[in-house]
Amino acid sequence: MGETGKIVTAAEDLVAPVNVPAQAYISPDYARAERDRLWRKVWLQAGRLEDIPEVGNYITYDILDDSVIVVRSSPSEIRAFHNVCPHRGRRLIDIPPGKRSARGTRPNFVCGYHGWTFDLEGTNTYIEHQEDWQGRLCDGLADLGKVKVDTWGGWIWINLDPEAMPLAEYLHPAAEMLEPYQLHNMRPRWRKWVVFECNWKVAMEAFFETYHVSTTHSEFMEFGQFRGWARNQGLHSNIGYDAPAGQEEDSGKLRIGAGEDPRLTTAEMQNFTWENANTNTTMTLVSVANRLKDELPEGTPAAEVSAYWLKTAREEDAARGVVWPTVDPRHTAKAGTAWQIFPNFQIGHAVNNMLCYQARPFGADPDKCIFEAAVYELYPESEAPETDWEYTEPQDWPPVLQQDFANMAAVQQGMKNVGFRGAQPNPYAERSVASFHLNLARFMGIGNPTTY
Ligand code: FES
Ligand SMILES: [Fe+2]
């Protein structure tokens with residue numbers, strides 16, 4: 001059994017089956033230890049650059065006891081501060097009740113308790129009766145504490161550890177592999193969040209692999225079956241599909257339907273995906289798919305249907321000012337369909353849209369998390385819709401996600417069962433899960449996968 005196996009510390013060993021102990025998902029002690037060992041050490045995706053386009057625009061990002069203010073302090077500069085007043089510790093910016101985070105615009109930050117004031121650089125500009133401190137409020141003692149901040153992919157990233165490695169180093173090789181997709185040009189179509197009854201790792205892992213698709217989302221099987229892989233990528237991992245022979249140009253995410261008439265099954269799959277997941281496709285792709293039966297003769301081979309569909313959609317988007325980047329098919333095959341950015345962010349990339357998941361603990365309870373998903377696409381210049389994080393009860397999410405939710409809640413329950421012996425992820429299709437725990441253990445000092 002796993003408990004007696006060899007502790008896995010090297011990514012190379014994840015090609016063999018490993019056991020992942022349940023502790024990381026269910027132990028209150030483990031959950032408590034995460035704050036200091038994990039969340040205060042890693043780079044965290046804290047928001048989108050388009051959320052703070054103007055000087056003075058700010059957002060907050062909360063992770064357990066910590067809250068961070070991210071503000072555009074000048075047209076070319078983003079700064080991040082601990083969301084706490086250095087006077088007597090009042091949280092500087094309140095999160096409005098029921099909201100995921102605060103978002104607004106201010107010329108400066110004024111503490112609601114005694115009025116200490118800070119400019120957008122975090123420097124204190126006003127203290128009532130400052131002379132009472134006898135000149136001691138110097139050397140930044142009255143200023144906001146700085147938090148490391150950087151940007152990549154159109155996202156703002158923060159790190160609570162002043163000694164943290166640079167973001168570019170941290171994101172390697174995910175950032176380079178995703179660069180051709182120009183993710184910074186995409187804008188959200190929708191963004192939803194919910195407090196859910198499972199550990200944040202259970203939530204993330206529900207999207208870390210495609211092994212579950214044939215069972216959990218069996219209706220997709222009508223459109224063809226594709227074998228999924230998962231690979232360790234240092235701190236991160238990625239997943240993808242083995243490309244069907246002769247379909248190089250869609251060896252990434254954009255799949256045509258299988259079956260007798262690929263013109264029809266592609267349209268069916270696109271309509272189904274749009275209606276039930278509202279992700280992984282765009283209105284342009286759906287509408288071109290629906291015209292395939294009129295624009296291509298019966299009997300057109302699958303590879304040709306695929307090529308025509310993608311070429312036409314690309315051209316129609318270009319005509320309205322939406323230019324898809326061109327990515328070498330060999331790169332697409334390597335980049336796969338999604339990247340798991342350690343520890344709690346997943347980017348499901350494509351050339352014209354993306355689906356991102358993130359999850360955070362909700363308080364110290366290992367059985368609860370804040371789960372979030374956002375779908376992005378390319379829009380014509382300044383035509384992106386205004387979106388914000390919308391609290392959405394589980395039953396109001398797209399149906400395909402509700403299927404995942406059902407697993408998440410049941411896994412959290414099941415893992416607590418006295419008879420559960422630890423997870424046994426598929427070494428080929430779910431190596432991302434084992435890789436995640438290998439990296440978690442590096443931060444936590446416990447919970448390594450073991451061989452069996
Ligand atoms: S705690 Fe902020 S001014 Fe007193
Ligand atoms: Fe799923």
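All values derive from a computational prediction rather than experimental measurement. (Residues numbered from 1 in each chain as written. Chains lettered and ligands numbered in written order. Predicted model: local features only at pLDDT ≥ 70, side-chain atom pairs only at ≥ 80, totals over all residues.)

### Section: helix 9 (residues 302–319)
Because the α-helix completes a turn every 3.6 residues, residues three or four places apart line up on one side. Helix length check: helix 9 (18 residues) gives 26 Å between terminal C-alpha atoms against 26 Å at 1.5 Å per residue, within 8%. When helix 9 is considered as a whole, its buried residues turn out to be Ala302, Val305, Ser306, Trp309, Ala313 and Asp317. An end-on view of helix 9 places all buried positions within 100 degrees of arc, on one side of the element. Seen from the buried face of helix 9, the exposed residues on the opposite side, beyond 90 degrees, are Lys311, Glu315, Ala318 and Ala319. The inward-facing, buried residues of helix 9 abut helix 7 (262–276) and helix 8 (283–295). Following helix 9 by one or two positions, glycine 321 adopts a phi angle in the positive range, close to 85 degrees. (Helix = DSSP H or I, 4+ residues; strand = E, 2+ residues; numbered from the N terminus. Expected span 1.5 Å × (residues − 1). Buried ≥ 20, exposed ≤ 12 C-beta atoms within 10 Å, placed from the backbone. Arc of directions from axis to C-beta. Contact = placed C-beta atoms within 7 Å.)

### So, the environment of alanine 374
Secondary-structure assignment places alanine 374 in strand 18 (residues 369–377). The class of alanine 374 is buried, set by 20 C-beta atoms lying within 10 Å. Sequence separation between alanine 374 and proline 107 is 267 residues, and the spatial gap between their C-alpha atoms is 29 Å. Beyond its immediate chain neighbours, meaning those up to four positions away, alanine 374 contacts Pro188, Arg191 and Cys356.

### Considerations on the sheet that holds strand 6 (residues 103–105)
Backbone-to-backbone hydrogen bonds pair the strands of a sheet. The strands run either parallel or antiparallel. Across the sheet, seven strands lie side by side as 2-11-10-5-4-3-6; this open sheet has antiparallel pairing. In this open sheet, the two edge strands, each paired with only one partner strand, are strand 2 (43–48) and strand 6. Shown here is a sheet whose adjacent strand axes are inclined to one another by a mean of 30 degrees, direction ignored. When strand 10 (residues 146–152) meets strand 11 (residues 155–159), the two strands line up antiparallel, connected through five bridges. From the neighbouring strand, threonine 151 faces strand 11, where its bridge partner is isoleucine 156. (Pairing = 2+ DSSP bridges. Axes fitted to C-alpha atoms, helices over the stretch in contact; angles between N-to-C directions.)

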